Amino acid sequence: MAAALAAAALAVAGCAADGGTARGADPGSAAARTPAASGTGGTTGTPGTGGATGTPAPAAPDAPRVPFGGHAGRYAAGTLRPSGDQAALDAKVVEHYRRWKAAFVRQDCGHDRYQILSPDADHPYVAEAQGYGMVVAATMAGADPDAKKIFDGLLRYVLAHPSSITPGLLAAEQDASCKSVNGGDSATDGDLDVAYGLLLADRQWGSSGAFDYRGLALDRIRAIRKGEINPVTRLTKLGDWTDRGDEYYWVSRSSDWMIGHFRAFRRATGDPFWDAVTDAHQDLIAAQQARYAPGTGLLADFVVGTRTAPKPAPREVLEDPHDGAYWWNACRTPWRIGDDAVTSGDARSLAAVRRMSAWIREETGGDPGRIGAGRTLAGRSLSGDTELAFSAPFAVAAMADPGGQAWLDALWDEMATAAFTRRDYFSASVTLQAMITVSGNRWTP
């Protein structure tokens, strides 16, 4: 396996970030440091938190403590893995990462700053994409010698674009000139991943270098609590721009229900508030599945009325007429909840994704090409298109499905062989992160 990973790492090293060149150091772009706060198919893994264990101290300041391919994260007992050689699984992830990096990792917005380009989003640079990039960079260290440089460049970009409402959060959208637009307020999913990525970076490289990753993570977690968690329901808000005076205050987006992130925030802060956040989301997931999707387990893009009677959006609430369906936001829920299921072994997460996986496996007859792009909560297809953003997340759910080995193998084959273009940022990014988990390379800080 070491030889295969070494070859893959060389391939990544030879792939320059597309669309820009380094412009030299920018001494004004980095935040001032603050003192740090305190193998084969079948079942695998051992019960535990999914945290990295048994990793040696780095040999050099930038050497990764949890290098990609080391499989240091513990997965829950009974977790499935795709059939085949482990080194081959890892090499496929690195290959997808290399292509993703070439297509979407850019240096267009200032000295020593990196950005993830999102040509299929509303704007060239969105918070969601920068959060994805930080999590991916911290995870791929050891396969890509530039991982830390990319991570720090993304962090500089994030710090340079604070929310206009809550400075500790990230402005949701930037235009082609790298300037924040549409009010400069935040989007919750981006901040959740930025904070989580900082915790990964602290575990990966430590916090004694140019950036105090842990201190920055704790600052952002506090800002998330203040600006993006509803203090009454303990559910995620859409962003820091909602308040009690508008209808959006009682709306939550299912793609923000990142249970594993909330657990990591609890471990990092010691704050039991995050236990309440975890429980509120687990309760909501179970209730939505039981009441509105008992046959499928699917979740809606948006849930309204969260204070009194949470239900799928009955109409267009924020984005389009399918806001109450399993659409372009909710398609990520089998991955997000599945990540927590396989790394924590939590019975509620396991039950949620097993319901989804068993239904889609039977509905499609084991053919990933029949998943389509979008479903009603009753399971009716909304589009005959084939989209990896909808199929890849089901591979993570399949890892927790006791009858899902053949289904997982089919989904892996689709992910591992699929091509994508430079317009497919969203699907390629979701697929890469699903592949990291499915190949056994996910670990938690």
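Residues numbered from 1 in each chain as written. Predicted model: local features only at pLDDT ≥ 70, side-chain atom pairs only at ≥ 80, totals over all residues. Heavy atoms only, no water.

Under an unreviewed UniProt entry, the name given to the chain is Licheninase, and the organism recorded is Streptosporangium pseudovulgare. Database annotation for the chain, UniProt heading Sequence similarities (unreviewed entry): "Belongs to the glycosyl hydrolase 8 (cellulase D) family." (UniProt positions renumbered as here; feature names shortened; annotations may be inferred.)

Q: What am I meant to see in unusual backbone geometry here?
A: Trans peptide bonds make up most of the peptide bonds, and negative phi angles are found at most residues other than glycine. Residues other than glycine seldom take positive phi values, yet Asp 112 does so here, at roughly 60°. If you trace the backbone, Asp 112 turns up in the loop between strand E3 (105-106) and strand E4 (115-116). Given the relative accessible area of 23%, Asp 112 is considered partly exposed. In this structure, Asn 182 is a non-glycine residue whose phi angle is positive, near 55°. Along the chain, the position of Asn 182 falls in the loop between strand E6 (173-174) and helix H5 (188-205). What makes Asn 182 exposed here is its relative accessible area of 55%. (Helix = DSSP H or I, 4+ residues; strand = E, 2+ residues; numbered from the N terminus. Buried < 20%, exposed > 50% of the residue type's maximum accessible area, 1.4 Å probe, protein only.)

Q: Just to check I follow, could you spell out the packing of aromatic side chains for this structure?
A: How two aromatic rings sit relative to each other is set out by the distance from centre to centre and by the angle between their planes. Within this structure, the stated rule accounts for 20 aromatic pairs. Each ring, one from Phe 104 and one from Tyr 425, has its centre 6.2 Å from the other, and the planes form 75°; the classification is edge-to-face. Here Phe 104, found in helix H2 (residues 86-104), pairs with Tyr 425, found in helix H13 (residues 425-438); they are 321 residues apart in sequence, far enough to count as distant. Between Tyr 132 and Trp 335, the aromatic rings sit 6.1 Å apart at their centres with planes inclined by 55°, giving tilted as the arrangement. Here Tyr 132 is found in helix H3 (residues 127-140), whereas its partner Trp 335 is found in helix H9 (residues 333-344), with 203 residues between them in sequence. For the pair shown, Tyr 132 and Trp 335 are each scored as buried. (Phe/Tyr/Trp six-rings, centres within 6.5 Å; stacked < 30°, edge-to-face > 60°.)

Q: How should I be thinking about helix H10 (residues 347-364) in this particular structure?
A: The α-helix advances 3.6 residues per turn, and as a result positions three or four apart in sequence lie on the same side. End to end, H10 covers 26 Å across 18 residues, agreeing with the expected 26 Å (1.5 Å per residue, within 8%). Looking at H10, one finds that the buried residues are Ser 349, Leu 350, Ala 352, Val 353, Met 356, Ser 357, Trp 359, Ile 360 and Thr 364. Where the residues of H10 are buried, they touch helix H7 (259-269), helix H8 (273-292), H9, helix H11 (388-398) and helix H12 (405-417). Residue Asp 346 occupies the N-cap position of H10, its side-chain oxygen lying 2.8 Å from the main-chain nitrogen of Arg 348. Two residues or fewer after H10 comes Gly 365, characterised by a positive phi angle close to 65°. (Expected span 1.5 Å × (residues − 1). Contact = heavy atoms within 4.5 Å. Polar contact = N/O pair within 3.5 Å; in protein donor to acceptor, adjacent residues only side chain to side chain.)

Q: I'm lost on the state of the cysteines in this one. Help?
A: Any covalent bond linking the sulfur atoms of two cysteines counts as a disulfide. Counted under the stated rule, the structure contains one disulfide. Between the sulfur of Cys 109 and that of Cys 178 lies a disulfide, 1.9 Å long from S to S. Looking along the S-S bond of the Cys 109-Cys 178 disulfide, the torsion reads about -70°, which is the left-handed sense. A residue pair is termed long-range when its members are at least 10 positions apart, and Cys 109 in the loop between E3 and E4 and Cys 178 in the loop between E6 and H5 qualify at 69 residues. Here the two residues Cys 109 and Cys 178 agree in accessibility, since each one is buried. (Disulfide = S-S within 2.5 Å.)

Q: Looking at this structure, I do not really get the packing of helix H6 (residues 213-228) against H7. What am I missing?
A: In a pair of packed helices, the angle between the axes and the distance between the axes together describe the arrangement. Where H6 contacts H7, the axes come no closer than 11 Å and their chain directions differ by 120°. Crossing of H6 over H7 shows left-handed handedness. Mapping the contact onto sequence places Arg 214, Leu 218, Ile 221 and Ile 224 in H6 and Phe 265, Ala 268 and Thr 269 in H7. For the contact of H6 with H7, the per-class residue count stands at five nonpolar, one polar and one charged. (Axes fitted to C-alpha atoms, helices over the stretch in contact; angles between N-to-C directions. Left-handed = near helix turned anticlockwise from the far one by under 90°. Nonpolar A, V, L, I, M, F, W, Y, C, P; charged D, E, K, R; others polar.)

Q: Help me understand the confidence of the model for the chain in this model?
A: For residues with low pLDDT, the predicted coordinates do not support detailed interpretation. Across the chain, the average pLDDT comes to 89, with 86% of residues at 70 or higher. Within the model, the stretch residues 1-40 combines pLDDT values under 50 with 83 contacts to residues more than four positions away or in other chains. (pLDDT = per-residue confidence, 0-100.)

Q: I tried to follow the pattern of salt bridges on my own but got confused; where do I start?
A: If the charged atoms of two oppositely charged side chains come close together, the side chains can form a pair. Using the criterion set out here, one finds 23 salt bridges in the structure. Here Arg 348 makes a salt bridge to Asp 279, at a shortest N to O gap of 3.0 Å. Here the residue Arg 348 occupies a position in helix H10, and Asp 279 occupies one in helix H8, the gap between them amounting to 69 residues. Accessibility expressed as a relative area gives 36% for Arg 348, which makes it partly exposed. Two residues, Asp 401 and Arg 361, come together in a salt bridge whose shortest N-O distance is 3.0 Å. Within this pair, whereas Asp 401 is found in the loop between H11 and H12, its partner Arg 361 is found in helix H10, the two being separated by 40 residues in sequence. Overall, the relative accessible area of 4% leaves Asp 401 in the buried class. Via salt bridges that share partners, Arg 263, Asp 279, Asp 340, Asp 346 and Arg 348 belong to a single interconnected network. (Salt bridge = Lys/Arg side-chain N within 4 Å of Asp/Glu carboxyl O.)

Q: Explanation requested: the nonpolar core in the structure shown.
A: Nonpolar side chains tend to gather and get buried jointly when the protein is soluble and globular. Of all hydrophobic cores here, the largest spans 115 residues; its most connected members are Trp 100, Met 140, Phe 151, Leu 198, Phe 265 and Trp 274. If we ignore the near neighbours within four places in the chain, the residues touching Phe 265 are Leu 192, Ala 195, Tyr 196, Leu 199, Ile 221, Ile 224, Gly 270 and Trp 274. Within the second largest apolar cluster, six residues are counted, among which are Val 251, Val 304, Ala 313 and Val 317. (Core = buried A, V, L, I, M, F, W, Y, C linked by side-chain atoms within 4.5 Å.)

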